[in-house]
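Survey of secondary and tertiary structure
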Amino acid sequence: MKQFNHNTLRKALAAVCLAACATATAGTQSLQVLHWWKSASERKAVDLIAQRLGEQDVGWHDGVVPSGSGVGAGIVLRSRMLAKDAPEVAQLNGIVIRDWAQLNLLQELDAVAIAGNWNKLLLPAVASTIEYDGHVYAAPLGVHRINTLFYNRKLLQRLNLPVPATWPEFERVAARLQQAGIVPLAQSSEPWQVATLFETIVLAEGADLYRNLFRQRDAAAYADPRLARALGRLRAIKRWMGSPIRERKWDDSVRELVGNRAAMMVMGDWAKGELVTQGMAVERDFGCAAAPGTERYHLFNVDTLSMLGTHPELRAAQEKLAALVLTPSLQVDYNAIKGSIPVLRNAGHMKMDACARASWKLFNSGAEAQVLSLVHRMSTDETVRDAIVAEVHRYFLDDSVTAADTQRRLAAIARTSTKTR
Ligand code: GAL
């Protein structure tokens, strides 16, 4: 009888515990986060945010849509919105924030921004990318420099080659590397990666041209001989990319540098995060320089998280995440993994490697140096960006398409698209 009572008690206690546990689970809020970070370093950076958020009793329900530069993630997000199945958090970045805020699809984060004093803490160029109509619509994680040339130190040293500072110098260095059986430039034929290289080549022709083409979208600028030269350059350097030029993920190109098969790569500095995660050390094994001809400019984008307004009961959890993103310790640790620089004004004294220090210094030198990236969603809306990327890609793949023809087609895109800003 005694035994029976004990068992009953144990069972009863277990039942109570089960109920309590269920309540606890239900009480622990979790946010679905849609993003496109899939490479080893990106994963590490995401895990860090998820872990810090977990320490504040908010779960991170990961919704990764692997797609370099976020093309696929954007499609998935739009269809989920239409199906009324939106995640609570999404990586949007750049102009998309403004476009979605206009449509009333994002939660404003004004309370968090005011409580956290964001207008004092944030770098002004970052603040303007997350605001629309006087409200804050995203939590910024870091600033990436797109016009970066990564080089394998050992390979250049072995052949006693300089780090090319201009495109003609790049040609000379590349020829020597190729003679030695090394692929001079690791490059994929994936559309956004070709366009990322192209936008740095255009930048070498001058920030005024870049801004006229991709920001003002001045149709006359498309007839500029400097654009013809940039297109010619893109085609000419195909011969330094190994053969065939494969459509591979950007982190696979990083692997070429790590494996000493390729000597250089032009890519946003998320590639630095990946080089480090794949085992190379900044300065010792690889270096970062400006992409040829662009040392005066910081072509940039800002990674951000926006909150979607689907579940009012998760508002507090969303605000916790937004506040967490701006904490100095998250900023330092996250950006060290990701390859970007912190978004905080006083981050200058924070622990940074040589690449980050150079990026930081230039970015903070003022508006003249800062150039908004077309391909990484900072300077035009998605439709125009996608159309330009497609044209550049077609020109890159098909040698029978002329530069003049491409200039005309790009001008037509500029002429016929709505200018939203
Ligand atoms: C960029 C983004 C980076 C990185 C990269 C490659 O647009 O800002 O954080 O993820 O795409 O996917």
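The model shown is predicted, which means the values in this text are computed figures rather than measured ones. (Residues numbered from 1 in each chain as written. Predicted model: local features only at pLDDT ≥ 70, side-chain atom pairs only at ≥ 80, totals over all residues. Heavy atoms only, no water.)

As a further point, take the packing of aromatic side chains. Within the structure shown, the criterion is met by five aromatic pairs. Between Trp 167 and Phe 170, the aromatic rings sit 4.9 Å apart at their centres with planes inclined by 70 degrees, giving edge-to-face as the arrangement. Residue Trp 167 and its partner Phe 170 are both found in helix α9 (residues 167-179); the two are separated by three residues, about one turn of the helix. Comparing Trp 167 with Phe 170 shows no difference in burial state: the two are buried. Measuring from centroid to centroid gives 6.4 Å for Trp 192 and Trp 270, while their planes differ by 45 degrees, and the two rings are tilted. (Phe/Tyr/Trp six-rings, centres within 6.5 Å; stacked < 30°, edge-to-face > 60°. Helix = DSSP H or I, 4+ residues; strand = E, 2+ residues; numbered from the N terminus. Buried < 20%, exposed > 50% of the residue type's maximum accessible area, 1.4 Å probe, protein only.)

Let us now look at the pairing of strand β9 (residues 262-266). Most of β9 is tucked away, with five of its five residues classed as buried. Bridge count between strand β7 (residues 148-152) and β9: three bridges; the pairing is antiparallel. Within the sheet, the bridge partner assigned to Tyr 151 lies in β9 and is Met 264. Of the strand pairs in this sheet, strand β8 (residues 183-185) and β9 are connected by two bridges, and their pairing is parallel. Within β9, the position partnered with Val 183 by the bridge is Ala 262. (Pairing = 2+ DSSP bridges.)

With that settled, the discussion passes to helix α11 (residues 207-214). Along an α-helix, a turn takes 3.6 residues, which lines up residues three or four apart on a common side. Buried within α11 are the following residues: Ala 207, Leu 209, Tyr 210, Leu 213 and Phe 214. With its buried residues spanning 160 degrees around the axis, α11 presents them on a single face. (Arc of directions from axis to C-beta.)

Taken together, 13 residues form the shell around the ligand, and within it Glu 42, Asn 301, Asp 303, Lys 338 and His 376 come nearest. The side chain of Asn 301 places a nitrogen or oxygen atom 2.8 Å from an oxygen atom of the ligand. Between the ligand and Lys 338 there is a distance of 2.5 Å, counted from an oxygen atom to a side-chain nitrogen or oxygen. For the ligand, whose accessible area on its own is 300 Å², the fraction buried by protein is 100%. Here the shell around the ligand is composed, by residue class, of four nonpolar, six polar and three charged. (Near = heavy atom within 4 Å. Polar contact = N/O pair within 3.5 Å; in protein donor to acceptor, adjacent residues only side chain to side chain. Areas by Shrake-Rupley, 256 points an atom, 1.4 Å probe, with all protein chains shown as cover. Nonpolar A, V, L, I, M, F, W, Y, C, P; charged D, E, K, R; others polar.)

What follows covers the side chain of Lys 272. Among the structural elements, Lys 272 can be located in helix α14 (residues 270-277). Owing to a relative accessible area of 3%, Lys 272 belongs among the buried residues under this scheme. In contact with Lys 272, other than residues within four places in its own chain, are Phe 150, Val 282, Phe 286, Cys 288, Gly 339, Asp 353, Cys 355 and Ala 356. (Contact = heavy atoms within 4.5 Å.)

The next thing to look at is α9. For α9, with 13 residues, the first-to-last C-alpha span of 18 Å sits near the 18 Å given by 1.5 Å per residue. On its buried face, α9 sits against α8 (153-158), β8, α10 (191-203), α12 (225-236) and β9. (Expected span 1.5 Å × (residues − 1).)

We now examine the side chain of Ser 379. Mapped onto the secondary structure, Ser 379 falls in the loop between β12 (370-372) and α18 (382-397). A relative accessible area of 4% places Ser 379 in the buried class. A distance of 3.3 Å separates a polar side-chain atom of Ser 379 from the backbone oxygen of Phe 214. Apart from residues lying up to four places away in sequence, Ser 379 is in contact with Ile 95, Phe 214, Arg 215, Leu 372, Ser 373 and Leu 374.

Quick look at the sheet that holds β8 now. Adjacent strands of a sheet pair through backbone hydrogen bonds, lying either parallel or antiparallel. As summarised here, the arrangement of the four strands in space is β8-β9-β7-β10, forming an open sheet in which the pairing is mixed. With one partner strand each, in any of the chains shown, β8 and β10 (286-290) form the two edges of the open sheet. The mean angle between the axes of side-by-side strands here comes to 20 degrees, regardless of whether they run parallel or antiparallel. Pairing of β7 with β10, which is carried by five bridges, proceeds in the antiparallel orientation. Looking at β10, one finds that Phe 150 is bridged to Cys 288. Along the sheet, α14 contacts β7 and β10; its crossing angle with β10, the most-contacted strand, is approximately 175 degrees. (Axes fitted to C-alpha atoms, helices over the stretch in contact; angles between N-to-C directions.)

Within strand β11 (residues 298-307), 10 of the 10 residues are buried, which leaves it mostly tucked inside the rest of the structure. The two faces of β11 match: His 298, Phe 300, Val 302, Thr 304 and Ser 306 on one face and Leu 299, Asn 301, Asp 303, Leu 305 and Met 307 on the other face are all buried. Bridging between β11 and β12 involves three bridges; their strand directions are parallel. When the bridges of β12 are listed, Leu 299 appears paired with Val 371.

Oppositely charged side chains may form a pair once their charged atoms are brought near each other. The full count for this structure, using the stated rule, is 25 salt bridges. Between Lys 238 and Asp 399 there is a salt bridge, with the nearest N and O atoms lying 2.9 Å from each other. Here Asp 399 lies in the loop between α18 and α19 (403-416) and Lys 238 lies in the loop between α12 and α13 (250-258), a separation of 161 residues in the sequence. Lys 238 gets classed as buried once you look at its relative accessible area, which sits at 15%. Taking relative accessible area as the criterion, Asp 399 reaches 52% and is therefore assigned exposed. (Salt bridge = Lys/Arg side-chain N within 4 Å of Asp/Glu carboxyl O.)

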